[in-house]
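The chain contents come next:
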Amino acid sequence: PEIDIMTQDSVIQESIPVQVQAVSWSYQAYDSSLIGATDSTVIFFAATWCPSCVAADRNLVSAEIPNGLTILKADYDSEIDLRREYGVTSQHTFVSVDAEGNQLRKWVGGTTIDDITEKL
């Protein structure tokens with residue numbers, strides 16, 4: 001039993017740096033628990049049928065996301081309650097939020113990380 005506990009502790013300790021590193025910046029699917037995980041959080045409302053959303057997504061996936069920024073991609077078609085919460089009426093909308101999820105700024109368009117960071 002003592003060896004099993006030590007093994008579990010080792011696994012937990014090894015995973016902690018990976019988790020800390022993962023929240024220093026990211027671009028990933030919307031998850032409300034990630035709001036406020038970094039200094040700045042932006043929700044990107046994207047639709048698979050939207051050509052400019054697809055272009056932005058392609059750019060963001062390959063971009064170097066600045067440290068301290070989390071971009072959460074929300075599906076425009078399925079995240080209806082989230083759209084209502086932020087008053088989003090069209091796809092390709094970005095919403096900057098504070099650590100509690102309160103809207104700071106909202107804008108439509110932009111396909112690069114520079115387009116996003118200049119709005120923050």
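Procedures and definitions
Residues numbered from 1 in each chain as written. Predicted model: local features only at pLDDT ≥ 70, side-chain atom pairs only at ≥ 80, totals over all residues. Heavy atoms only, no water. Pairing = 2+ DSSP bridges. Helix = DSSP H or I, 4+ residues; strand = E, 2+ residues; numbered from the N terminus. Axes fitted to C-alpha atoms, helices over the stretch in contact; angles between N-to-C directions. Contact = heavy atoms within 4.5 Å. Buried < 20%, exposed > 50% of the residue type's maximum accessible area, 1.4 Å probe, protein only. Right-handed = clockwise from strand over helix to strand, strands pointing away. Lys, Arg positive; Asp, Glu negative; His and termini not counted. Salt bridge = Lys/Arg side-chain N within 4 Å of Asp/Glu carboxyl O.

### Brief notes about the sheet that holds strand β2 (residues 40-46)
In spatial order, the strands read β1-β3-β2-β4-β5; together these five strands make up an open sheet with mixed pairing. On the outer flanks of this sheet lie β1 (26-29) and β5 (103-108), each paired with one strand and no other. Averaged over all pairs of adjacent strands, the angle between their axes in this sheet comes to 20 degrees, without regard to strand direction. Bridging between strand β4 (residues 93-97) and β5 involves five bridges; their strand directions are antiparallel. The partner of T93 across the bridge, within β5, is V108. This element, helix α2 (residues 51-62), spans β1, β2 and β3 (69-75) of the sheet and lies at about 140 degrees to β2.

### Focus: unusual backbone geometry
For H92, which is not glycine, the phi torsion reads 65 degrees and is therefore positive. In this structure, H92 sits in the loop between α3 (80-86) and β4. In this structure H92 comes out as buried when scored by relative accessible area, which is 5%.

### Some details on the environment of N59
With respect to the secondary-structure elements, N59 resides in helix α2. Given the relative accessible area of 31%, N59 is considered partly exposed. As for N59 and I113, which are separated by 54 residues in sequence, their C-alpha atoms are 7.7 Å apart. For N59, the contacting residues outside a window of four places in its chain are T111 and T112.

### Section: the environment of Q28
Mapped onto the secondary structure, Q28 falls in strand β1. When its relative accessible area of 33% is taken as the criterion, Q28 is described as partly exposed. Through-space distance from the C-alpha of Q28 to that of K73 is 5.9 Å; in sequence the pair is 45 residues apart.

### Considering the pairing of β2
Two faces belong to every sheet, and in a regular strand the side chains alternate between them. Counting buried residues in β2 gives six out of seven residues, a clear majority hidden from the surface. Between the parallel elements β2 and β3, the chain passes through α2 in a crossover that is right-handed. Summarising the sheet, β2 and β4 pair through five bridges and their orientation is antiparallel. Bridge pairing links T41 to V97 in β4.

### Notes on the side chain of R83
Note that R83 resides in helix α3. Buried charge without a partner: R83 forms no salt bridge, and the closest opposite charge is D77, 5.2 Å away. What R83 contacts, discounting residues up to four positions off in sequence, is F45, Y76, D77 and V88.

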